[in-house]
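Overview (structure and organization)
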Amino acid sequence: MGQYTLRRLLQMIPVIIGTTFIIFAMVWALPGDPFAGKCGDRPCPPAYIAEQTARYNLDDPLVVQYVKYMGNLVTGDLGETFRGTQVLDELAVALPATLKLTALAILIEIIIGIGAGVLAGLRRGSFIDNLVLLSTLVVISIPIFVIGYLAQFILGVQLGWFPPTVGTGAPWSDLILPAFVLASVSLAYVARLTRTQLAENMRADYVRTATAKGLPRRQVVRHALRNSLIPVVTFIGIDFGALMGGAVVTEGIFNITGIGGLVFGAISTREGATVTAAITFIVIVFLLVNLLVDLLYGVLDPRIRYE
Amino acid sequence: MSEPTHLGGSRDRENVQNEFMRARAEDITLPAPEGAPEPTDDVGKPRSLWQDAWDDLRRNKLFIVGSVLVLILIVMAAFPQLFTSVDPRECVLQNSRQPPSSEAWFGYDLQGCDVYARTIYGARASILVGIFTTTAVMIIGGLIGIIAGFFGGWVDGIASRITDVFLALPLLLGSILILTAFPSTTDTPELVVIGKVVLALALLGWTQLARIMRSSVIQVKNQDYVQAARALGATSTRIIGRHVLPNSLAPVIVVAMISLGAYISAEATLSFLGIGLQPPVISWGIAVNDAATYVRTSPHMLFFPAMFLSVTVFAFIMLGDAVRDALDPKLR
Amino acid sequence: MTVTDITVGPGEGGSRDEPLLVVDDLQVEFRTREGVARAVNGVSYTVDAGETLAVLGESGCGKSVTAQAIMGILDTPPGFVTGGSVRLDGVDILHLPEKQRRTYRGEAIAMIFQDALSALNPVYTVGRQIAEMFKVHRGMSQKDGLVKAVELMDLVRIPAAKERVNDYPHQFSGGMRQRIMIAMSIALEPQVLIADEPTTALDVTVQAQVMELLADLQDELNMALILITHDLGVVADVADRIAVMYAGRIVEQAPVADVYHRPAHPYTKGLLQSIPRVDAKGSELYAIKGLPPTLTRVPPGCSFNPRCAYAQDSCREGGAPPLERISDTRAVACYFHEEVLGAQQ
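Residues numbered from 1 in each chain as written. Chains lettered and ligands numbered in written order. Predicted model: local features only at pLDDT ≥ 70, side-chain atom pairs only at ≥ 80, totals over all residues.

Here we come to the overall build of chain A. A count of helical and extended segments in chain A gives 12 helices and one strand. Seen in sequence order, chain A has helices and strands lined up from the N terminus as α-β-α-α-α-α-α-α-α-α-α-α-α. For chain A, the share of sequence-separated contacts (at least 6 apart) that also reach a separation of at least 24 residues comes to 72%. (Helix = DSSP H or I, 4+ residues; strand = E, 2+ residues; numbered from the N terminus. Contact = placed C-beta atoms within 7 Å.)

Let us look at the overall build of chain C. A count of helical and extended segments in chain C gives 13 helices and 12 strands. For a compact globule of 345 residues, the expected C-alpha radius of gyration is about 20 Å, and chain C comes in at 21 Å, within 12% of that figure. For chain C, the spread of C-alpha atoms along the three principal axes comes to 65 × 50 × 45 Å. Burial status across chain C gives 51% buried among its 345 residues. (Rg over C-alpha atoms; globule rule 2.2 N^0.38 Å. Buried ≥ 20, exposed ≤ 12 C-beta atoms within 10 Å, placed from the backbone.)

Okay, the pairing of strand β3 (residues 52–56) of chain C next. Residues and elements named next belong to chain C. Counting buried positions over the five residues of β3 gives five, a clear majority of the element. Residues of β3 alternate between two faces, with T52, A54 and L56 on one and L53 and V55 on the opposite face, all of them buried. With five bridges joining them, β3 and strand β8 (residues 224–229) adopt parallel strand pairing. Along β8, the bridge assignment pairs L56 with T229. (Pairing = 2+ DSSP bridges.)

Next up on the list: unusual backbone geometry. Residues and elements named next belong to chain C. One non-glycine residue, D25, adopts positive backbone phi at about 50°. Within the fold, D25 resides in strand β1 (residues 21–32). Phi at N222 takes a positive value of approximately 50°, unusual for a residue other than glycine. Here N222 lies in the loop between α8 (204–221) and β8.

The next thing to look at is the interface of chain A and chain B. Each partner contributes to the interface: chain A provides 40 residues, whereas chain B provides 36 residues. At the level of secondary structure, the elements contributing two or more residues to the side of chain A that touches chain B comprise α1 (2–29), α5 (127–141), α6 (144–158), α9 (217–253), α10 (259–268) and α11 (272–300) of chain A. Here the side of chain A that touches chain B is composed, by residue class, of 29 nonpolar, nine polar and two charged. (Nonpolar A, V, L, I, M, F, W, Y, C, P; charged D, E, K, R; others polar.)

Another aspect to go through is the packing of α10 of chain A against α11 of chain A. All names here are of chain A. For the pair α10 and α11, interaxial distance at closest approach is 9 Å and the crossing angle is 150°. Accordingly, the angle class assigned to the pair α10 and α11 is roughly antiparallel. Of the two elements, α10 crosses α11, and the hand of that crossing is left-handed. Touching I259, L262, V263, A266 and I267 of α10 are T274, V275, A278, I279 and I282, all from α11. Of the residues assigned to the contact of α10 with α11, the class counts are nine nonpolar, one polar and no charged. (Axes fitted to C-alpha atoms, helices over the stretch in contact; angles between N-to-C directions. Parallel < 35°, antiparallel > 145°, perpendicular 65-115°, else oblique. Left-handed = near helix turned anticlockwise from the far one by under 90°.)

Moving on, we come to the sheet that holds β8 of chain C. Residues and elements named next belong to chain C. Across the sheet, eight strands lie side by side as β6-β7-β8-β3-β9-β10-β12-β11; this open sheet has mixed pairing. Taken across any chain shown, the strands that pair with only one partner, and hence form the sheet edges, are β6 (109–112) and β11 (324–325). In this sheet, strand β7 (residues 192–196) lies alongside β6 in parallel orientation, the contact comprising four bridges. In the sheet register, A110 faces β7, and the bridge partner there is L193.

Turning our eyes to something else, we now look at the pairing of β8 of chain C. All names here are of chain C. Of all six residues in β8, six are buried, a share of seventy percent or more. Of the two faces of β8, the one carrying A224, I226 and I228 and the one carrying L225, L227 and T229 are both buried. Sheet analysis places β7 next to β8, joined by five bridges and oriented parallel. The residue of β8 that forms the bridge with V192 is A224. Handedness of the β-α-β unit built from β7, α8 and β8 comes out right-handed. (Right-handed = clockwise from strand over helix to strand, strands pointing away.)

In terms of nonpolar packing, the biggest core is built from 280 residues, with V263 of chain A, I176 of chain B together with V192 and I226 of chain C touching the most fellow members. Once residues lying within four places of it in the same chain are set aside, the contact partners of I226 of chain C are V47, L53, V55, A67, V192, I194 and A195 of chain C. (Core = buried A, V, L, I, M, F, W, Y, C linked by C-beta atoms within 7 Å.)

All names here are of chain C. Taken together, four strands build an open sheet; the order of strands is β2-β1-β4-β5 and the sheet is antiparallel. If you trace the sheet from one side to the other, it starts and ends with β2 (35–47) and β5 (91–92), each paired once. Pairing of strand β4 (residues 79–88) with β5, which is carried by two bridges, proceeds in the antiparallel orientation. Bridged to L88 within β5 is V91.

Take the packing of α6 of chain A against α9 of chain A next. Residue and element names in this part refer to chain A. It is the contact of α6 with α9, at a shortest axis distance of 10 Å, that shows an interaxial angle of 25°. Comparing their axes, α9 and α6 come out roughly parallel. In this structure, α6 crosses over α9, and the sense of that crossing is right-handed. Two secondary-structure elements touch here, α6 through I144, F145, G148, Y149 and Q152 and α9 through G246, V249, T250 and I253. Split by residue class, the contact of α6 with α9 holds five nonpolar, four polar and no charged.

What follows deals with the confidence of the model for chain A. Per-residue pLDDT for chain A averages 84, and the proportion of residues at 70 or more is 88%. Per-element averaging of pLDDT across chain A places strand β1 (residues 38–41) of chain A at the bottom with 59 and helix α8 (residues 205–212) of chain A at the top with 94. (pLDDT = per-residue confidence, 0-100.)

Here the focus is α8 of chain C. All names here are of chain C. Between its first and last C-alpha, α8 extends 26 Å over 18 residues, near the 26 Å set by a 1.5 Å rise per residue. Taken together, the buried positions of α8 are V210, M211, L214 and Q218. Taken around the axis of α8, the buried residues stretch over an arc of 100°, which confines them to a single face. Among the exposed residues of α8, those oriented more than 90 degrees off its buried face are T205, D219 and E220. Close packing links the buried residues of α8 with β3, α7 (174–186), β7, β8 and α9 (232–238). After α8 finishes, the residue N222 shows a positive phi value of roughly 50°. (Expected span 1.5 Å × (residues − 1). Arc of directions from axis to C-beta.)

Let us look at the confidence of the model for chain C. Residues and elements named next belong to chain C. The predicted model of chain C averages 87 in pLDDT, with 95% of residues at 70 or higher. Low pLDDT, under 50, characterises residues 1–14; the stretch is placed with 36 contacts to residues that sit more than four places away or in other chains. Our summary of model confidence lists the complex with pTM equal to 0.83 and ipTM equal to 0.85.

Now for the environment of G2 of chain A. Looking at the secondary structure, you find G2 of chain A in helix α1. Expressed as a C-alpha distance, the spacing of G2 of chain A and R305 of chain A, which sit 303 residues apart in the sequence, is 8.9 Å.

This is the structure:
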């Protein structure tokens, strides 16, 4: 297991370097004016250009730029917003709300998604199976911002069951509706994956053995479930990136002051530095989550552990 | 009494066995049978995967519904005039936010433009983005996947690392990044705007297809018939073109169809965020964005473009689902 | 006289007037897109305690499906049991309600499968999978169950059982995995053990070891053993009686010696002739011409007739020839069995 962990860690390092480099290159180093559109709708003032050029070493060769940028990143210097605040500070303030929202969303994803998937997977072709299939398809088809607005309007404004926007400090109760919206698409995918995996595993040889052993149905299903959930766990990790993308939209719609909301706001004011820094941060977190899921996979599947 | 033996490509091995046994008939110690019938392998007409799949699909209601919808949408995108005679850009401010009526089935939007007309014309942008992105993704991802899977070794190593790097960038976040770095304004030409969105999505979306193509190729590469072709001296390109590619296509097609829906959805989201398609391009995402603040008073402005958007994505995903189920050997 | 009266072998009939396990006219069909396949078309055989019955036949002849139907683990749909009965110790288990049927599985009648790697759950330790038998059927705790698991692993001759009880299936070799499956199946000392091609996936040397183990265990526990295989070599040492199956039917049933030296059915004869002989060096290998029929389109009359050297018109008309008693210990389903018997060297 230790060897596996080490290997995974080592594999991650070039990926982090590569990814941050690509982000950096895409933002600052592609042909054309790097400052086009980075100061809102107006062209950037010369003083700002000079200052940013000095800060980001834009006159240096690309690799040097990148290295210095990474150096800054590691020491926490992520640049400044237009208002002069440190991007790092903004991120730190925004983090808790996003953490809460994301945690809630993942919980919903797991409980409802796996639950629905199990129900459907065990009763292939039944009414509930078709219901789950259809409803997940519908949810996947509706873009998240439409779901967000509809939910906000119908459940928040019309019916008044939930607050239409989230108050300051992002209390948990306010976050329930946004969490459901955020989790919706991922939940649908989890349900479908669980369903397919379970249905497949129920036809596996070892399930036939379990039945032949005279185990009660519930335990036979447990045998299959244990195997079926492994790819589901992996998926939840991979999907985390999409979840964070969705967070930008969700936090924007529900007025949550999280990292997604930060990005959402920065997009409209065209604050390139903030957007870049926030997304770089999210990507690194995503990579770490992936690493965690990889390790978890090793724990769940003994065949990987003892290669 | 003997039925004609049908020889099909997928039954070659059994036919060889048959021939062998027939040739051996004289040597057995059993008395020679009089008037013994031809050995019947009686395997019936061979059915290829695609034939079976097509048979399944034809009967699949979801597939039929999905294809019909997609067809309608494509026609709508190509010839919007068939669906409405109203000019979507002819906007009379007086009509601002009027609800649906007999003159304007979907009502008017904020600027007083006919929502129905804008919704119909909006199909073009979304369908174009979907098709172009999927094509670009299939080319880029397909190429990298084939190269990585077929040549293996260090080529695969590099290609896989590059794939890993791009995989780390989620679709939405990555395209936000790219499009914020290269924003468009209302002055940017329509084609460039669409092109940027397509490029951004394709740059981030090719990884999934590359992975699938790669594993598909690796699987096919190790099959006996590919080894045989190689032993017979076929060049790499020939092997790839004639053997590997056709047999790797199934999962690729399924993913491409489903992704098409996802790209349309992503484009709408980007337009909603304000960094995707820009006016004067008519797009569903922009329409929803504009209509959002007035959802309380004039829900029709949001509802219709949102519905068309959802139905479009739904149709493509349903199609992809149906094709996948039809091609899945485990479900037969 | 019915086929079920044939009992030969070391086992006692006990207090019953019939053997321990009686399969009577079992019918199983598979409903597929291409039609209905009669996978098991009126199969009857019996096994008694301490006796070994080998069910012999090519792939697709229905021998595994019969076993699955006996155990009640058939994939339904597409498989359906449409007739017959299975009596274990006098009780028709085929028609028991599921809840009761389940109590027989693992407890009174157990089954082992061909590929132990896919037949064992890859994510649970072998100890846990063996202990499960005791937890579910005897209400033991996990700890006690594991102790019994180690005992069983010792019994099936797995070295260092105590250390390996917490290992996973993929960490064992093929032969040892099969032993683990055997251990699991005999954990509760069942009366009947069905072994579905237990050695097909193993090397020849390992095959012999596993068969020896099965034979020893059978002696110790006085189990009835149904050995399903297509390998004539494996059968010779272990079986008391052989039932030969073709296209869903039993075509011959007889004690081992009779089957090998004096087959009464053309198919059996063909099978024996197909075994490569060491002393026949230099001559061509024999194979029965033709292929087994697709079960959705079985030829009329005797299903073997297209490939049979003895076939006459009567073989192509009407129904399949019934399985008839031709002696105290033998039955055969062929109108011309006398010719076959007579044509021996």
